[in-house]
Amino acid sequence: MSVDVAVVGCGIIGASVAWRLSQLGLTVACFDPAPGDGATYAAAGMLADVTEAEFGEDHLTALNVASARSWPDFAAELTDATGADLAFRRTGTLTVAYDSGDRQQLRRLLELRRGLGLPIEEITVDDARRMEPLLGPRLAGATWTPDEHQADPRRVHAALLSVLADRGVAVVRRRVAELSPAPSGGVDGVVDDHGTRHGAGSVILAAGWASRELARTLPGLAGVPTRPVKGQLLRLDASGQPGFTLGRVVRGFVQARPVYLVPRPGGEVVVGATSEEQPDDRQVTAGGTFAVLRDARALVPGIDELPLTELTARARPGSPDNLPLIGDSGIPGLLLATGHYRNGILLAPLTASALAARYRAGTVPEWAAAADPRRFAATVTGGPT
């Protein structure tokens with residue numbers, strides 16, 4: 001099999017990119033032994049362009065805001081193409097502080113986000129309780145972000161697989177063992193774990209944290225510094241609990257530890273998440289589960305009564321500056337769409353649009369320049385890593 005573009009990885013990033021490229025008339029194949037079983041499977045689906053804005057991450061915030069603005073059209077187009085309910089909705093985000101130290105952190109972030117022109121306001125604890133009566137008795141502060149959305153990543157991914165099938169995009173359920181070097185230099189395909197070579201006009205590496213290991217199979221390419229950052233989260237079922245009503249995403253700080261609760265249509269509540277510089281062993285630990293539940297119940301004690309339906313551990317693809325890597329790698333024929341860390345679901349439409357523009361016009365748009373992978377142009381002769 002030979003195609004115009006081989007996409008390595010078929011989580012929400014790889015699948016979104018493949019969809020957009022197929023709309024350009026390119027022949028595309030995705031390679032993934034278990035599509036959507038990585039970070040996409042664990043993601044809570046908060047489209048949090050405002051409440052993810054952090055100090056020193058102005059470029060990332062700009063990308064997040066741009067992608068959040070494109071999500072309504074992205075979701076509508078995907079729903080029109082498949083008929084799927086993506087659980088995409090505007091819920092806003094209520095962020096609360098547990099104690100006085102947490103209130104200070106909340107206010108620092110409030111001033112940062114206001115300074116960036118983002119829609120956020122400080123509200124009283126009483127106002128927060130009126131919005132969400134299930135909030136716990138001990139709170140010291142609150143902010144409200146009215147315009148943030150959420151989607152169910154598993155539903156979105158299933159819809160993407162459906163639309164890929166409709167468009168004739170092959171999803172090859174095999175692991176890519178190595179990138180295939182072209183005789184004249186660069187990349188001209190992939191080799192799967194059965195030893196079969198698949199030719200391609202170009203390759204897009206969208207394999208999450210594993211992108212770095214695959215890049216190492218190609219002589220001369222060392223500038224893909226993705227790493228696994230393990231997260232543990234859990235899912236609760238509030239469908240049989242008429243007294244438990246949570247209408248908004250609730251985020252907060254509990255003695256400086258971040259935690260979130262994401263209510264979904266149908267009664268599921270996603271609670272998370274740890275952030276551990278650990279390999280993707282997919283092991284849920286007693287300590288991780290305890291830590292998430294301890295902090296979540298400090299904000300919403302009523303979760304104690306909810307059935308625990310799932311424990312999940314997956315690794316997010318981190319990068320040294322928390323920005324993704326989107327565009328040309330510096331090696332002919334190899335492009336990157338990886339390193340999205342906590343924002344893979346949010347940044348999927350933007351990443352796909354940027355790479356579609358690259359194939360259409362020959363360059364990634366200027367608005368995505370901060371994510372240029374060549375900022376990590378490490379070589380065997382030295383350079384930043």
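It should be noted that the structure appears before, not after, this text.
Criteria and cut-off values
- Here the residue numbering is sequential within each chain, running from 1 through the sequence in written order.
- Given that this is a predicted model, residues contribute local features only at a pLDDT of at least 70 and side-chain atom pairs are listed and counted only at 80 or more, while totals for whole chains, interfaces and linings are drawn from all residues.
- Each side-chain value is worked out from all heavy atoms of the structure, with water and hydrogens disregarded.
- Where helices and strands are cited, they refer to DSSP runs of H or I of at least four residues and of E of at least two residues respectively, numbered from the N terminus.
- It is over C-alpha atoms that the radius of gyration is taken, and the globule rule equals 2.2 Å times the number of residues to the power 0.38.
- Three labels apply to residues, based on accessible area from a 1.4 Å probe with only protein chains included: buried if under 20% of the type maximum, exposed if over 50%, partly exposed otherwise in between.
- It only takes one pair of heavy atoms within 4.5 Å for two residues to be counted as in contact.
- We get accessible surface area from the Shrake-Rupley algorithm with a probe of 1.4 Å; when it comes to residues, only the shown protein chains can shield them.
- Residues scored as positive are Lys and Arg, those scored as negative are Asp and Glu, and His as well as the terminal groups of each chain are ignored.
- Charged side chains are reduced to one point each, which is NZ for Lys, CZ for Arg, CG for Asp and CD for Glu.
- Only strands joined by at least two bridges in the DSSP assignment are considered to pair.
- To obtain each axis, a line is fitted to C-alpha atoms, and for helices this fit is confined to the stretch in contact; angles are then taken between N-to-C directions over 0 to 180 degrees.
- Cysteine sulfur atoms that pair up within 2.5 Å are treated as a disulfide.
- An angle below 35 degrees is read as roughly parallel, one above 145 as roughly antiparallel, one from 65 to 115 as roughly perpendicular, and any other as oblique.
- Residue type decides the class: Asp, Glu, Lys and Arg count as charged, Ala, Val, Leu, Ile, Met, Phe, Trp, Tyr, Cys and Pro as nonpolar, and the leftover types, Gly among them, as polar.
- By the criterion applied in these results, polar contacts are pairs of N or O atoms within 3.5 Å in which, for protein atoms, one can donate a hydrogen and the other can accept it, and in which residues neighboring in sequence qualify only through two side-chain atoms.
- In this analysis, rings of Phe, Tyr and Trp, with Trp reduced to its six-membered ring, are considered paired at centre separations within 6.5 Å, and the interplanar angle assigns stacked below 30 degrees, edge-to-face beyond 60, and tilted for intermediate values.

A word on the overall build of the protein. For the protein, the helix and strand inventory stands at nine helices and 19 strands. For a compact globule of 385 residues, the expected C-alpha radius of gyration is about 21 Å, and the protein comes in at 21 Å, within 12% of that figure. Principal-axis analysis of the C-alpha atoms places the extent of the protein at approximately 65 × 45 × 40 Å. Expressed as a percentage of its 385 residues, the buried residues of the protein come to 55%. Taking contacts inside the protein between residues at least 6 apart in sequence as the whole, the part at least 24 apart equals 74%. A total accessible area of about 15,400 Å² is found for the protein, and carbon and sulfur atoms account for 50% of it. Charge separation in the protein, taken as the distance between the mean sites of 38 positive and 43 negative side-chain charges, equals 2 Å.

We now examine the pairing of strand S18 (residues 325-328). Sheet topology places S18 next to strand S19 (residues 334-338); four bridges connect them, and they run antiparallel. Within S19, the residue paired with Ile326 across the bridge is Ala337. Once S18 ends, the chain turns through five residues before running back antiparallel as S19, passing Gly330 with a positive phi of about 100 degrees.

The next thing to look at is the sheet that holds strand S5 (residues 93-97). If you trace the eight strands from one edge of the open sheet to the other, you get S6-S7-S5-S14-S15-S16-S13-S17, paired in mixed fashion. The open sheet terminates on both sides in strands that have one partner only, identified here as strand S6 (121-123) and strand S17 (308-318). With strand direction ignored, the average angle separating the axes of adjacent strands in the sheet is 25 degrees. Summarising the sheet, strand S15 (residues 257-263) and strand S16 (residues 268-272) pair through four bridges and their orientation is antiparallel. Across the sheet, the residue bridging to Pro263 is Val269, located in S16.

Before going further, it helps to examine the state of the cysteines. The final tally for this structure, using the stated rule, is zero disulfides. Just so you know, Cys10 is unpaired, no disulfide at all, and the nearest cysteine sulfur is the one on Cys30, 3.9 Å from it. In this structure Cys30 comes out as buried when scored by relative accessible area, which is 0%.

On to the packing of helix H3 (residues 58-82) against helix H9 (residues 344-361), then. Interaxial distance between H3 and H9 falls to 7 Å at its minimum, and their mutual angle equals 75 degrees. Taken together, the axis directions place H3 and H9 in an arrangement best described as roughly perpendicular. Contact residues: Leu60, Leu63, Asn64, Ala66, Ser67, Ala68, Ser70, Trp71 and Phe74 in H3; Ile345, Leu346, Leu347, Ala348, Pro349 and Leu350 in H9. Of the residues contributing to the contact of H3 with H9, the split by class is twelve nonpolar, three polar and no charged.

Relative to the assigned elements, Asp188 resides in strand S11 (residues 187-192). Polar side-chain contacts of Asp188 include one of 2.9 Å to the side chain of Arg197. Filtering out sequence-adjacent residues up to four positions away, Asp188 remains in contact with Ser180, Pro181, Ala182, Pro183, Arg197, His198, Gly199 and Ala200.

Let's shift gears to the packing of aromatic side chains. All told, the structure shown has three aromatic pairs when counted by the stated rule. Ring plane angle 75 degrees and centroid distance 5.1 Å describe the contact between Trp71 and Phe74, whose orientation is recorded as edge-to-face. Of this pair, Trp71 and Phe74 are both found in helix H3, three residues apart, which corresponds to roughly one turn of the helix. Judged by centre distance (5.7 Å) and plane angle (15 degrees), the ring pair of Trp71 and Phe88 falls under stacked.

A few words now on the pairing of S17. Of all eleven residues in S17, eight are buried; the element is thus mostly enclosed. Across ten bridges, the pairing between strand S13 (residues 227-237) and S17 is antiparallel. Residue Arg235 lies in a different strand from S17, and its bridge partner there is Glu310.

These values are about where atoms sit, not about what they do.
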